[in-house]
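Structure at a glance
Chain by chain, the residues:
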Amino acid sequence: MLKKIALSLLLLSNALFSQEQLKDSLKTNPLHYKALIAPTILIGYGVIGIESDFLKGFNAEIKEEVNENIDKRITIDDFTQYLPAASVYGLNAIGVEGKHDFKDRSIILATSYLLVSGTVLGLKSVTNVERPDGSSNNSFPSGHTATAFAGAEFLWQEYKDQSIWYGIAGYVVATGTGLFRIYNDRHWLTDVAAGAGIGILCTKTAYWLYPSIQKILFKKESTTKLSAAPFYNGKQYGIGLNCRF
């Protein structure tokens, strides 16, 4: 099982980025190993929990406790998973400037979400862990939690120079999202832990890769100009295109 998980992550990284792109990004924006400690521990805890009888038992105890004391589920996590990332755009809209402009931060966020989606879906297909409510076998890892923590790290990176409280607030919301996934009997604690680590790691990776992505997307300014205008010749309607190089 662990070999399958490692292979899935390796194939995903090779499919998305070449070795040259990764080397170029690391030269421009060096990767600091200390930044990997927290997400690695979270992901490791979740992965170990797939096979560990002790952690499985701990998961079951939490599920039993939740089911005994909660009568009504609250699906607020469907909304809160996107709140940290949306807050970046909200803060910018009211005049609190972040680290990057709209275009740059949008590319970074899109890259992060792409990595989150690929990683989460890949792991779900490999692990086949049954959800606590028995509804399906795609419990590991928690996609909602991964999305929320990816957004929280995005908020932290964009506004940590303005105030650390923005990032702290984002992580509080992300943690709440993970807890609600357990509360709603949709995920085990190990699913949530792994999802949190994946989300943080994917956003950090998106920032590290952005210099290379920027070079690929904006190698040089295009001199091509394309214009369009409607026309009517008395009989037919149409659109005229004018392209200048």
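Take a nonpolar patch on the surface next. Together, Ile-164, Trp-165, Ile-168 and Val-172 give the surface a local cluster of nonpolar side chains, amounting to about 420 Å² of exposed area. With respect to the helices and strands, Ile-168 occurs in helix α9 (residues 164–183).

Let us look at the side chain of Thr-80. Structurally, Thr-80 can be placed in helix α5 (residues 77–80). Here Thr-80 falls in the buried class, since its relative accessible area comes to 10%. Those residues in contact with Thr-80, other than ones at most four positions away along the chain, are Val-173 and Thr-177.

This part is about the pattern of salt bridges. With the rule as written, the count across this model stands at 5 salt bridges. Across the pair Arg-186 and Asp-133 runs a salt bridge whose closest N-O atoms are separated by 2.9 Å. Separated by 53 residues along the polypeptide, Arg-186 in the loop between α9 and α10 (189–217) and Asp-133 in the loop between α7 (102–127) and α8 (143–159) bring together distant segments of the chain. Judged by relative accessible area, which is 26%, Arg-186 ranks as partly exposed. A relative accessible area of 34% places Asp-133 in the partly exposed class. Two residues, Lys-204 and Glu-153, come together in a salt bridge whose shortest N-O distance is 3.1 Å. Pair noted here: Lys-204 is in helix α10 and Glu-153 is in helix α8, with a separation of 51 residues, a long-range link. Judged by relative accessible area, which is 2%, Glu-153 ranks as buried.

The next subject is the packing of helix α3 (residues 37–51) against helix α4 (residues 53–69). For the pair α3 and α4, the least separation of the axes is 6 Å and the interaxial angle reads 95°. One finds that α3 runs roughly perpendicular with respect to α4. Here α3 contributes Tyr-45, Ile-48, Gly-49, Ile-50 and Glu-51 to the contact with α4, which in turn contributes Asp-53, Leu-55, Lys-56 and Phe-58.

What follows is about the environment of Leu-155. Take Leu-155: it is sitting in helix α8. On the basis of relative accessibility, which here comes to 4%, the residue Leu-155 falls in the buried class. For the pair Leu-155 and Lys-99, spaced 56 residues apart in sequence, the C-alpha to C-alpha distance is 10.0 Å. Once you skip the residues sitting within four places of it in the chain, Leu-155 turns out to touch Pro-84, Ser-87, Val-88, Leu-91, Lys-160, Tyr-166 and Gly-170.

Attention shifts here to the confidence of the model for the chain. The pLDDT averaged across the chain works out to 83; a share of 76% of its residues lies at or above 70. Here helix α1 (residues 2–16) stands out as the least confident element of the chain, with mean pLDDT 45; α8 is the most confident, with 97. Under a pLDDT of 50 for its full length, residues 2–22 has, in the predicted model, 23 contacts with residues more than four places off or in other chains.

What follows deals with unusual backbone geometry. With an omega dihedral of -10°, the bond running from Phe-140 to Pro-141 counts as a cis peptide bond. Positionally, Pro-141 belongs in the loop between α7 and α8. Even without a glycine there, the phi angle at Asp-185 is positive, about 65°. Examined against the element boundaries, Asp-185 turns out to sit in the loop between α9 and α10. Exposure remark for Asp-185: the relative accessible area of 10% places this residue in the buried category.

This paragraph deals with a negative patch on the surface. Together, Glu-61, Glu-64, Glu-65 and Glu-68 give the surface a local cluster of negative charge. Considering the arrangement of structural elements, one finds Glu-68 in helix α4.

Moving on to the environment of Arg-105. Structurally, Arg-105 is set in helix α7. Under the relative-accessibility criterion, Arg-105 is labelled buried at 3%. For the pair formed by Arg-105 and Glu-158, sequence separation is 53 residues and the distance between their alpha carbons is 8.2 Å. If near-sequence neighbours (up to four positions away) are discounted, Arg-105 is found in contact with Val-88, Tyr-89, Asn-92, His-100, Phe-154 and Glu-158.

What follows deals with the side chain of Gln-157. Along the chain, the position of Gln-157 falls in helix α8. Here Lys-160 takes part through its side chain, which lies 3.4 Å from a polar atom of the side chain of Gln-157. In contact with Gln-157, other than residues within four places in its own chain, are Lys-99, Lys-204 and Tyr-207.

Parameters and conventions
Residues numbered from 1 in each chain as written. Predicted model: local features only at pLDDT ≥ 70, side-chain atom pairs only at ≥ 80, totals over all residues. Heavy atoms only, no water. Patch = residues over 30% accessible without salt bridge, like charges linked within 9 Å, V, L, I, M, F, W, Y side chains within 5 Å. Areas by Shrake-Rupley, 256 points an atom, 1.4 Å probe, with all protein chains shown as cover. Salt bridge = Lys/Arg side-chain N within 4 Å of Asp/Glu carboxyl O. Helix = DSSP H or I, 4+ residues; strand = E, 2+ residues; numbered from the N terminus. Buried < 20%, exposed > 50% of the residue type's maximum accessible area, 1.4 Å probe, protein only. Contact = heavy atoms within 4.5 Å. Axes fitted to C-alpha atoms, helices over the stretch in contact; angles between N-to-C directions. Parallel < 35°, antiparallel > 145°, perpendicular 65-115°, else oblique. pLDDT = per-residue confidence, 0-100. Lys, Arg positive; Asp, Glu negative; His and termini not counted. Charge placed at Lys NZ, Arg CZ, Asp CG, Glu CD. Polar contact = N/O pair within 3.5 Å; in protein donor to acceptor, adjacent residues only side chain to side chain.

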